[in-house]
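# Structure at a glance
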Amino acid sequence: MSSKYIGTKFQTVFKDKNAIKDDNISILIKWCDHFAELGLSPKLIGGFGGNLSFRTKQGFIITASGVNLKNLSENDLVEIIEADILLKKVVVNGTKQPSSESLLHYYIYSQRPEVNAVFHGHDEQVLKKCEQLNLLITKQEQPYGSVKLIEEVGKILQNYFYIVLKNHGFLSLGETMDKAGNLALQIHRSSAK
Ligand SMILES: [Zn+2]
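Here goes a summary of the coordinates provided.

The rules we used
- Residue numbers run consecutively from 1 along every chain, following the written order of its sequence.
- Reporting of local features is limited, given that this is a predicted model, to residues whose pLDDT is at least 70; pairs of side-chain atoms are given and counted only at 80 or more, and all residues count toward the totals for whole chains, interfaces and linings.
- Excluding hydrogens and water, the side-chain figures rest on all heavy atoms present in the structure.
- Metal donors: N, O and S atoms at distances within 2.8 Å, or within 3.2 Å for Na, K and Ca, with water omitted from the atom set so that some sites may seem incomplete.
- Accessible area is worked out with a 1.4 Å probe on protein chains only. A residue is then buried under 20% of its type maximum, exposed over 50%, and partly exposed in between.
- Helix and strand definitions follow DSSP, with helices as H or I runs of at least four residues and strands as E runs of at least two, each counted in order from the N terminus.
- What a helix should span is 1.5 Å times the count of its residues minus one.
- By the convention used here, strands pair only if DSSP detects at least 2 bridges between them.
- For this analysis, residues touch if any pair of their heavy atoms sits within 4.5 Å.
- By the criterion applied in these results, polar contacts are pairs of N or O atoms within 3.5 Å in which, for protein atoms, one can donate a hydrogen and the other can accept it, and in which residues neighboring in sequence qualify only through two side-chain atoms.
- Each reported salt bridge corresponds to a side-chain nitrogen of Lys or Arg within 4 Å of a carboxyl oxygen of Asp or Glu.

### Concerning the coordination of the zinc ion
Donor atoms from the polypeptide that coordinate the zinc ion comprise His120 (NE2), His122 (NE2) and His168 (NE2), at 2.1 Å from the metal. Mapping the donors of the zinc ion onto the primary sequence gives the spacing H-x1-H-x45-H. Residue histidine 120 is classed as buried on the basis of its relative accessible area of 2%. The buried category is assigned to histidine 122, whose relative accessible area is 8%.

Encoded structure:
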């Protein structure tokens, strides 16, 4: 992806400015580590690519904007409790700006009740081989964190669990975090062959 990271493109309202707590946070941090080790969260100009989330009772917990996924702590996670795509606004618990793709994650959770984990990474290997591997690819490249990108994903999402964002990265979805993570790993490995 060529565009530079300039932060989030929506307004964030902080409701509860404390570090968030949830029993599943350790699983998310484990997968963030895996993504960092595999190079699926590369350093870009202005921050790191990739953002991971899981569904909670109130909404979902997601990695903070531009954060390095290696050695994350609870302070690097934010819980989205309300969002509005058209108004470009999110209401959160936590101390940091949530990922710039928070509205995309929100959209997917709202469309897919069976999905409890949304993992987004940047995988050069997969981008190179996505056609060869017959992966589902968005038709047009769109700027990160944009409503246009959400619309582009909406055109092809249906019931699929793995989508390539053209010239950008991938979305791996799952009923659990382990399913979303393992799917991303499996396709990463198959792209290496
Ligand atoms: Zn990205």
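So that's the structure; there's more coming.
### Regarding helix H1 (residues 25-37)
Helix length check: H1, at 13 residues, gives a terminal C-alpha distance of 18 Å against a target of 18 Å (1.5 Å per residue), a fit within 8%. Those residues of H1 not exposed but buried are Ile25, Leu28, Ile29, Trp31, Cys32, Asp33 and Phe35. Of the residues flanking the end of H1, it is glycine 39, one or two places downstream, whose phi is positive at about 80 degrees.

### Thoughts on the pairing of strand S9 (residues 162-165)
By the alternation rule, side chains of S9 split into Tyr162 and Val164 and Ile163 and Leu165, which are all buried. Looking at chain direction, S9 and strand S10 (residues 169-174) are connected through 4 bridges and run antiparallel. Following the sheet pairing, valine 164 is matched in S10 by phenylalanine 170. Turn length for the S9-S10 hairpin, with the two strands adjacent in sequence and antiparallel, is 3 residues, and the turn residue asparagine 167 shows positive phi of about 55 degrees.

### Examining the environment of threonine 138
Along the chain, the position of threonine 138 falls in the loop between helix H3 (124-129) and helix H4 (147-156). Threonine 138 sits 25 residues away from isoleucine 163 along the chain, and the two C-alpha atoms are 7.4 Å apart. Aside from chain neighbours lying at most four places away, what touches threonine 138 is Glu152, Val153, Ile156, Ile163, Val164, Leu165 and Lys166. There is a polar contact of 2.9 Å between the side chain of threonine 138 and the backbone nitrogen of lysine 166.

### Comments concerning the pattern of salt bridges
One pass over the structure, following the stated rule, counts 7 salt bridges. Note that lysine 70 and aspartate 33 form a salt bridge whose closest N and O atoms lie 3.5 Å from each other. Residue lysine 70 is located in the loop between strand S5 (60-63) and strand S6 (77-84), and its partner aspartate 33 is located in helix H1; the two are separated by 37 residues in the primary sequence. Using a relative accessible area of 32% as the deciding quantity, one classes lysine 70 as partly exposed. Several salt bridges share partner residues, and in doing so they unite Asp33, Glu37 and Lys70 into one network.

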